[in-house]
Amino acid sequence: MSTRMLIDARHPEETRVAVIHGNRVEEFDYESVAKRQLKGNIYLAKVTRVEPSLQACFVDYGGNRHGFLAFSEIHPDYYQIPAEDRDALMAEVAREAASDALDNEKTRKKQKSAANSDAEDEADQGDDADDASDVEQISGEDDYEDDGRRRAHVLRRHYKIQEVIKRRQILLIQVVKEERGTKGAALTTYLSLAGRYCVLMPNSQNGGGISRKIANSADRKKLKDVMSSLQVPEGMGCIIRTAGLNRTKVEIKRDFDYLVRL
């Protein structure tokens with residue numbers, strides 16, 4: 001099925017965009033002159049209230065209402081703890097990341113071996129074996145996983161939010177969900193800067209990866225080679241988007257360099 005992007009800009013007061021896959025709406029967004037767009041914006045914010053019962057805090061970033069920031073969305077760099085304790089925590093996160101990466105690699109090899117075995121069995125029986133490679137491609141996990149978020153439990157089992165985040169503390173936040181009804185915007189301190197072909201995470205714990213939507217093994221291998229040529233600074237992460245699939249290494253690197261400067 002084909003994927004199409006439909007843009008309705010007939011009315012100057014509002015522009016609407018929908019991504020259609022076949023007959024299904026995959027994404028929908030709009031911009032209105034009557035409403036200021038918040039999602040994706042980055043602000044300096046001040047903590048106004050810490051809620052131990054919610055393990056979250058509310059921050060003033062200049063919106064109509066105070067935003068909601070969950071403990072799992074707060075980067076350890078903002079924890080009010082001694083530097084040596086923070087270093088020990090990050091070392092523990094790194095150890096778990098290495099262990100998980102090894103386990104994921106073993107899982108991928110087992111899946112590939114099983115798929116190849118099924119393909120051989122089907123070939124011996126005279127059946128079409130193309131489905132085996134499709135299973136391998138679809139079941140493959142995304143190479144990028146944000147260690148900071150995914151391993152937030154590592155940090156939360158050591159501390160509670162009221163122990164490490166203080167009122168009036170200054171944070172750099174990004175809006176991930178717009179204000180809705182009486183609820184304030186949902187926020188994160190794990191920033192994402194989206195370019196044409198890449199997404200840069202300036203405070204990620206992982207080097208990077210390939211978009212999960214790219215399932216073809218040959219395409220993923222090609223983009224992995226491109227990713228390995230990018231000099232991702234330590235402490236940052238980068239994802240190559242689906243839009244980068246048919247782009248050259250030079251085009252992707254130019255987009256990546258722009259995001260790093262940004």
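Here we summarise the structure given alongside this text. Note that the structure is a prediction, hence the values are computed from the model and not measured. (Residues numbered from 1 in each chain as written. Predicted model: local features only at pLDDT ≥ 70, side-chain atom pairs only at ≥ 80, totals over all residues. Heavy atoms only, no water.)

With respect to the sheet that holds strand E2 (residues 14–21)
In spatial order, the strands read E1-E2-E3; together these 3 strands make up an open sheet with antiparallel pairing. Looking at the sheet topology across the chains shown, the edges are occupied by strand E1 (3–11) and strand E3 (24–32). Geometrically, the sheet is characterised by an average inter-axis angle of 15° between neighbouring strands, direction not taken into account. (Pairing = 2+ DSSP bridges. Helix = DSSP H or I, 4+ residues; strand = E, 2+ residues; numbered from the N terminus. Axes fitted to C-alpha atoms, helices over the stretch in contact; angles between N-to-C directions.)

A short note on unusual backbone geometry
Across the chain, the bulk of peptide bonds are trans and the bulk of non-glycine residues have phi less than zero. Despite not being glycine, glutamine 55 shows a phi value in the positive range, around 50°. On the secondary structure map, glutamine 55 appears in the loop between strand E4 (42–51) and strand E5 (56–60).

Digging into helix H7 (residues 249–261)
For H7, with 13 residues, the first-to-last C-alpha span of 18 Å sits near the 18 Å given by 1.5 Å per residue. By the burial criterion, the buried members of H7 are Ile252, Asp255, Phe256 and Leu259. Down the axis of H7, the sector holding all buried residues measures 100°, keeping them to one side. Residues of H7 that are exposed and point over 90 degrees away from its buried face: Val250, Arg254 and Arg261. (Expected span 1.5 Å × (residues − 1). Buried < 20%, exposed > 50% of the residue type's maximum accessible area, 1.4 Å probe, protein only. Arc of directions from axis to C-beta.)

Quick notes on helix H6 (residues 217–229)
Across its 13 residues, H6 extends 19 Å between first and last C-alpha, which sits within 8% of the 18 Å expected from 1.5 Å per residue. Residues Arg220, Leu223, Val226 and Met227 constitute the buried set of H6. In a view along the axis of H6, the buried residues occupy a sector of 120°, so they form one face of it. Projecting away from the buried face of H6 at angles above 90 degrees are the exposed residues Ala218, Lys221 and Ser228. Elements in contact with the buried residues of H6: strand E11 (208–210), strand E12 (237–240) and H7. (Contact = heavy atoms within 4.5 Å.)

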